[in-house]
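If you want the building blocks of each chain, they are given just below.
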Amino acid sequence: MTVYSSKGYAGTIDYLFKDSQTHPWTLVDFKTGKLHAEHQLQLGAYANALIDSEKIVPERCWLVKLVEFGSFEPEKNVLEVNWKIHAPIFDSLLEVYKW
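For clarity, every value in this text was computed on a predicted model and none was experimentally measured.

Colleague: It is not clear to me how the overall build of the protein chain should be interpreted in this structure. Could you clarify?
Modeller: Within the protein chain, the secondary structure is distributed over three helices and six strands. Beginning at the N terminus, the succession of helices and strands in the protein chain can be written as β-β-β-β-α-β-α-β-α. Taking all 99 residues of the protein chain together, 35% fall into the buried category. In the protein chain, of all internal contacts separated by at least 6 residues, the share reaching a separation of at least 24 is 55%. As displayed, the protein chain offers around 6,400 Å² of accessible surface, 56% of which is attributable to carbon and sulfur atoms.

Below you can see the structure in the form of C-alpha cells.
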C-alpha cells in the first residue's frame, strides 16, 4: 500500500492489519537485512503518511527481519517502534534536507 504525506513524500507500507480485540491497527515493515536504528525513522514517516492519506492512526509499528524458515526468534527479529517519537525526528530531518 502506497501512502502519501502532505509534506511531499510517499512510501510503500509492506503490511497493515487490524486486530480489533487488542490493537486497532499495526503497521509492519519487513527487512531482509539487519535492523538499523534509522529504520525507526522510516516507520515514523510511514505512520504520518498513513494518517495523512488514509486517516488511519496505527497503534503499533513493527520492524520485522525476514529470516530462513525455522530460524525466527521474535526477540531478535522483531522491533516494536514508537512512531510518535520517531515521526517528529523524521519531519525535522526532512526540513533540514529541504533547506
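The structure having been displayed, the exposition proceeds.
Colleague: Would you explain helix α1 (residues 39-54) in this entry?
Modeller: Side chains three or four residues apart in an α-helix point the same way, a direct result of the helix having 3.6 residues per turn. Between its terminal C-alpha atoms α1 stretches 22 Å, which fits the 22 Å expected from 16 residues at 1.5 Å a residue. Burial in α1 covers these residues: His 39, Gln 40, Leu 41, Leu 43, Gly 44, Ala 45, Tyr 46, Ala 47, Asn 48, Ala 49 and Leu 50. Downstream of α1 by one or two residues, Lys 55 has phi in the positive range, about 60°.

Colleague: Where do I start with the packing of aromatic side chains in this structure?
Modeller: Per the stated rule, a full pass over the model turns up three aromatic pairs. Ring geometry for Tyr 9 versus Phe 90: centroids 5.0 Å apart, planes at 70°, classification edge-to-face. Taken together, the residues span a long stretch of sequence, with Tyr 9 in the loop between β1 (2-4) and β2 (10-12) and Phe 90 in helix α3 (residues 83-98) at a distance of 81 residues. Relative to Phe 17, the ring of Tyr 15 lies with its centre 5.6 Å away and its plane at 35°, an arrangement referred to as tilted. A relative accessible area of 44% means that Tyr 15 is categorised as partly exposed.

Colleague: Which parts of the structure should I look at to understand unusual backbone geometry?
Modeller: For residues besides glycine, phi is generally negative; the peptide bonds are generally trans as well. One non-glycine residue, Lys 55, lies in the positive phi region at around 60°. Looking at where Lys 55 falls in the secondary structure, it is placed in the loop between α1 and β5 (60-65). Under the relative-accessibility criterion, Lys 55 is labelled exposed at 66%.

Colleague: Before we go on, may I ask you to explain the side chain of Gln 40 in this structure?
Modeller: Position of Gln 40 relative to the elements: it lies in helix α1. According to the relative accessible area criterion, Gln 40 is buried, its value standing at 17%. If near-sequence neighbours (up to four positions away) are discounted, Gln 40 is found in contact with Leu 63, Leu 79, Val 81 and His 86.

How each quantity is defined
Residues numbered from 1 in each chain as written. Predicted model: local features only at pLDDT ≥ 70, side-chain atom pairs only at ≥ 80, totals over all residues. Heavy atoms only, no water. Helix = DSSP H or I, 4+ residues; strand = E, 2+ residues; numbered from the N terminus. Buried < 20%, exposed > 50% of the residue type's maximum accessible area, 1.4 Å probe, protein only. Contact = heavy atoms within 4.5 Å. Areas by Shrake-Rupley, 256 points an atom, 1.4 Å probe, with all protein chains shown as cover. Expected span 1.5 Å × (residues − 1). Phe/Tyr/Trp six-rings, centres within 6.5 Å; stacked < 30°, edge-to-face > 60°.

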